[in-house]
Amino acid sequence: MQNEIIKNSLVNLDIYSGQLTGKPVIKSIKKIADLKNVFADEESRFTMQQDKPVYEVEVYLPEEEDTEGGLYFGTTIIHPGKVGSEYFMTRGHFHAKRDTAEYYWGMQGEGVLILMDSERNIWAEKMIPGSLHYINRALAHRVANTGASPLIFNACWPSDAGHNYEEIAQNGFAARLIEENSQPVLKSEIEVKF
Ligand code: S6P
Ligand code: ZN
């Protein structure tokens, strides 16, 4: 018997890897060459293999951008590595519409989610497979891979959130996640060891 009403989903999430497949999925990649002034050690970044991938993003955007009431879904894969002593990480952003929150959850690998409020107060949460992170409204968010394998996490955020990268490009985060004595350390006024 054929059932023409029950259809297959347009997108599938691999529950082990966190990766997305399906026609609507859009993929992008950030390489060393694309991340000018993101890491503290520009000199090291410049001497690295420029086409080396740092992180990859897969998104499912079923609504038009800025649509109120919709949701977007994404997978981020951060490769293991460092620029100088700083772990490979995402650029990080505030949402353009500040009053919008987001969920992140770890699928594979290990890392740290770095959060910063509008007063530049900074804190961080360990990310491991199964860790769930509620990124409250008005917080800048960035993830660093502290492990030896890819860090994969999923994200879900409102379709009208938008992205404000300019503020981070101008002022950066108030702390950086660096490796010190083989340990990740969040370097700000106060050091936090993980
Ligand atoms: C979108 C969500 C993620 C990031 C991705 C890459 O709101 O937070 O999908 O876009 O992790 O990070 P970034 O900071 O380069 O956008
Ligand atoms: Zn976001």
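A brief look at the structure comes next. Computed from a predicted structure; not experimentally measured.

### Focus: the overall build of the protein chain
Summing up its helical and strand segments, the protein chain has 2 helices and 16 strands in all. Computed over its C-alpha atoms, the radius of gyration of the protein chain comes to 17 Å, within 12% of the 16 Å expected for a compact globule of 194 residues. Burial status across the protein chain gives 43% buried among its 194 residues. Long-range pairs, those at least 24 residues apart, make up 66% of the contacts in the protein chain with a sequence separation of at least 6. In the form shown here, the protein chain has an accessible surface area of approximately 10,800 Å², with 50% of it arising from carbon and sulfur atoms. If you average the places of the 19 positive and of the 28 negative side-chain charges in the protein chain, the two averages end up 4 Å apart.

### Topic: the sheet that holds strand β9 (residues 111-116)
Spatially, 3 strands are ordered β10-β9-β12 in an open sheet, and the strand pairing comes out antiparallel. The open sheet terminates on both sides in strands that have one partner only, identified here as β10 (122-127) and β12 (140-145). Ignoring which end each strand starts from, the neighbouring axes of this sheet average 20° apart. In terms of strand pairing, β9 meets β10 through 6 bridges, oriented antiparallel. Along β10, the bridge assignment pairs Gly111 with Met127.

### Observations concerning the pattern of salt bridges
Throughout the structure, instances matching the rule amount to 8 salt bridges. With a shortest N-O distance of 2.8 Å, Glu179 and Lys82 are connected by a salt bridge. Note that Glu179 is positioned in strand β14 (residues 176-180) and Lys82 in strand β6 (residues 82-83), a separation of 97 residues in sequence. For the salt bridge of Asp160 with Lys97, the shortest nitrogen-to-oxygen distance reads 2.6 Å. Placement of Asp160 in the loop between β13 (151-158) and α2 (166-171) and of Lys97 in the loop between β7 (86-87) and β8 (102-108) is noted, with a sequence separation of 63 residues between them.

### Focus: the site of ligand 1
Near ligand 1 you find 15 residues, and of these Tyr55, Thr76, Gly92, Tyr104 and Tyr165 are the closest. Within the backbone of Gly92, a nitrogen or oxygen atom sits 2.8 Å from an oxygen atom of ligand 1. Between ligand 1 and the protein, one listed contact pairs an oxygen atom with a side-chain N or O atom of Tyr165 at 2.5 Å. Only β4 (53-60), β8 and β13 provide two or more residues apiece to the shell around ligand 1. Residue composition of the shell around ligand 1, by class: 6 nonpolar, 7 polar and 2 charged.

Rules used throughout
- Counting of residues starts from 1 at the beginning of each chain's written sequence and follows it residue by residue.
- The naming scheme follows written order: chains are lettered A onward, ligands numbered 1 onward.
- Residues qualify for local features only when their pLDDT is at least 70, as the model is predicted, and side-chain atom pairs are given and counted only at 80 or more; totals for whole chains, interfaces and linings, by contrast, use all residues.
- Excluding hydrogens and water, the side-chain figures rest on all heavy atoms present in the structure.
- The numbering of helices and of strands both runs from the N terminus, where a helix is a DSSP run of H or I of at least 4 residues and a strand a run of E of at least 2.
- Only C-alpha atoms enter the radius of gyration, while the globule expectation follows 2.2 Å times N to the 0.38, with N the number of residues.
- With a 1.4 Å probe rolled over the protein chains alone, any residue whose accessible area is under 20% of its type maximum counts as buried; one over 50% counts as exposed, and the rest are partly exposed.
- When checking whether two residues touch, look at their non-hydrogen atoms; a contact exists if any pair is within 4.5 Å.
- Every accessible area reported is derived by Shrake-Rupley at a probe size of 1.4 Å, with residue values counting cover from the shown protein chains alone.
- Positive charges come from Lys and Arg, negative ones from Asp and Glu, while His and the chain ends are left out of the count.
- Charge coordinates come from a single atom per side chain, which is NZ of Lys, CZ of Arg, CG of Asp or CD of Glu.
- Note on pairing: DSSP must find at least two bridges between two strands before they are called paired.
- Only C-alpha atoms enter the line fits that serve as axes; for helices the fit covers just the stretch in contact. Angles between N-to-C directions range over 0 to 180 degrees.
- Salt bridge, as applied in this entry: a Lys or Arg side-chain nitrogen positioned within 4 Å of an Asp or Glu carboxyl oxygen.
- Whether a residue is near a molecule or strand is decided by its heavy atoms; if any one of them lies within 4 Å of it, the residue is near.
- Pairing of N or O atoms within 3.5 Å defines a polar contact, subject to two protein rules: one partner must be a possible hydrogen donor and the other a possible acceptor, and residues neighboring in sequence count only if both atoms are side-chain atoms.
- Any residue outside Ala, Val, Leu, Ile, Met, Phe, Trp, Tyr, Cys, Pro, Asp, Glu, Lys and Arg is labelled polar, Gly included; the first ten of those are nonpolar and the last four are charged.

Purely geometric stuff here, so don't read any function into it on its own.
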